[in-house]
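Working through the structure, step by step
Residue-level listing of the chains:
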Amino acid sequence: MRREWTVAAITRATLPVLLALTVVEVGSGLVLGSFEATLLQYPSLLVLVPVTIGTAGNLGSILASRLSTAFHLGTLSFDPGDDELSGNVVATVTLAVTLFPVVGAGAWLLAAATGGAELAAGTVVAVAALSGACLAVLAVVTTLAATYAAYRFELDPDDVVIPVVTNACDVLGVLVLFGAVELLV
Amino acid sequence: MSVRSVAVDAYREAAPALAASVVGGLFAGAVLGGMRAQLRAVEGLLVLVPALLATRGNVYGAFGARLATGLHQGVVEPRVDTGDRRLRAAVAAAMSNGLLASGFAAVVAYVVLGVLARPVAGLGTLVAIALVAGLLSGVALTGAVVAVVFAGYRRGRNPDTLVGPLVTTTGDVFGLAFLVLAVRVVVGGV
């Protein structure tokens, strides 16, 4: 695929998606604002916010970036039997399941160290682990759908897929975290 | 290659960068946990936080992915050369799009909170905070992305695996730290 490296071309390709995603992100901010009182009451949950949505976004963007390069090199096929595709999906889910409990423990430790651990360590770990498992599945589905859509509409995956995936994970991250907090806290 | 070997390779390649980003994300969380005073002082700031953090990830993640693909395709050389037309255009586009999106996020948050009749700080205050934070973190992130992607590539690492975690981590830490600084600059000592 030929691509242009000028400010105008890059802006044309990215700005409309960027502004649309910004509106979506403000929506996720409104969800965050709606349980602001709970977050300010339990600092370990506030500590968990950036790392949960960030790690979910990372999982999606690593997968998207690998698929995007495979796409540019012409080695990607959208076939469930494709080893490259399924191997990357399996790795993404395994990474999430192994990392998120550690994320929860780390958030509790940090909150405890800064004098704000009102919640039990087990509760924070459970919130992180549950959020992580849900987010891994959502990140994979979103990444595959966005990469496939970019391929079908002949858009450059680098410009489109990573923003869509990262933002979807941010919004889903806030919603999933909200759900896990409602369920477990 | 079998599914298992692809998965093991991908896991091994991604795990260290992802673990490092978790550490960075926790620090970002500690900054967020420590800015409760600013969150209370500027109403609507928490609503703006995901949009501002996402803008960093979006703009500089795409910038990093573009550099990675450029390196793979051999159209970008892995060294900093201010005369490189492609590199210069990619940096200028990232900076200007980042600032535009930050200011836009502040306007949207202000309008939506106003419509919902939820408490919100002044429009000028929110926009100024977003732009100051956007400019400072933009400069820091451009430097971090170029340095890590080029250095990683020269040492034989796949830049694709470095970009996402790097940008989200440094984006969140810089983004929140510079947000605190921006609140102090715009509103005064909180």
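From a predicted model like this one, the values you see are computed outputs, not experimental measurements.

Next up on the list: the overall build of chain B. The helix and strand tally for chain B stands at six helices and zero strands. Seen in sequence order, chain B has helices and strands lined up from the N terminus as α-α-α-α-α-α. Expressed along its principal axes, the backbone C-alpha trace of chain B runs to roughly 55 × 40 × 30 Å. Counting every position in chain B, which comprises 190 residues, the buried fraction comes to 55%. Taking as baseline every contact in chain B between residues at least 6 positions apart, the subset at least 24 positions apart corresponds to 82%.

In this model helix H1 (residues 3–34) of chain B runs 44 Å from its N-terminal to its C-terminal C-alpha over 32 residues, within 8% of the 46 Å that 1.5 Å per residue would give. The sharpest bend along H1 of chain B comes to roughly 35°, located at Ala15 of chain B, with the proline Pro16 of chain B sitting one to four residues further on.

Across the contact, 65 residues belong to chain A and 62 residues belong to chain B. For the side of chain A that touches chain B, the secondary-structure elements that each account for two or more residues are helix H1 (7–34), helix H2 (36–41), helix H3 (43–73), helix H4 (83–113) and helix H6 (157–184) of chain A. A total of 18 residues in the side of chain A that touches chain B trace back to one element, the largest contributor, which is H3 of chain A.

Right, let's get into unusual backbone geometry. With a phi close to 55°, Glu154 of chain A is a non-glycine residue in the positive phi region. With respect to the element layout, Glu154 of chain A can be found in the loop between helix H5 (121–152) and H6. Phi at Ala117 of chain B takes a positive value of approximately 60°, unusual for a residue other than glycine. For Ala117 of chain B, the location among the structural elements is in the loop between helix H4 (85–115) and helix H5 (123–154).

So, about H6 of chain A. For H6 of chain A, which comprises 28 residues, the first-to-last C-alpha distance of 38 Å matches the rise-based estimate of 40 Å (1.5 Å per residue) to within 8%. H6 of chain A sits mainly inside the fold: 21 of its 28 residues count as buried.

Another point: the nonpolar core. Of all hydrophobic cores here, the largest spans 129 residues; its most connected members are Leu48 and Ala107 of chain A together with Leu48, Ala105 and Ala109 of chain B. Of the residues forming this core, the biggest block, 17 residues, is contributed by helix H3 (residues 45–73) of chain B. Setting aside chain neighbours within four positions, we find Leu48 of chain B in contact with Gly29 of chain A together with Ala105, Ala106, Ala109, Leu126 and Ala130 of chain B.

Moving on: the confidence of the model for chain B. Residue and element names in this part refer to chain B. In this model, chain B carries a mean pLDDT of 89, and residues with pLDDT of at least 70 account for 97%. When mean pLDDT is taken per element in chain B, H4 scores highest with 95 and helix H6 (residues 159–187) scores lowest with 85. Our summary of model confidence lists the complex with pTM equal to 0.81 and ipTM equal to 0.85.

Residue and element names in this part refer to chain B. Two elements in contact, H4 and H5, have axes separated by 8 Å at closest approach and are oriented at 155°. Between H4 and H5, the interaxial angle falls into the category roughly antiparallel. Between H4 and H5 lies a crossing of right-handed hand. Residue-level contacts link Val91, Ala94, Met95, Gly98, Leu99, Ser102, Gly103, Ala105, Ala106, Val107, Ala109 and Tyr110 of H4 to Leu123, Leu126, Val127, Ala130, Leu131, Ala133, Gly134, Leu135, Gly138 and Thr142 of H5. Grouping the amino acids of the contact of H4 with H5 by side-chain chemistry returns 16 nonpolar, six polar and no charged.

Definitions and limits used
Residues numbered from 1 in each chain as written. Chains lettered and ligands numbered in written order. Predicted model: local features only at pLDDT ≥ 70, side-chain atom pairs only at ≥ 80, totals over all residues. Helix = DSSP H or I, 4+ residues; strand = E, 2+ residues; numbered from the N terminus. Buried ≥ 20, exposed ≤ 12 C-beta atoms within 10 Å, placed from the backbone. Contact = placed C-beta atoms within 7 Å. Expected span 1.5 Å × (residues − 1). Bend = angle between axes of the 7 residues up to and from the residue. Core = buried A, V, L, I, M, F, W, Y, C linked by C-beta atoms within 7 Å. pLDDT = per-residue confidence, 0-100. Axes fitted to C-alpha atoms, helices over the stretch in contact; angles between N-to-C directions. Parallel < 35°, antiparallel > 145°, perpendicular 65-115°, else oblique. Left-handed = near helix turned anticlockwise from the far one by under 90°. Nonpolar A, V, L, I, M, F, W, Y, C, P; charged D, E, K, R; others polar.

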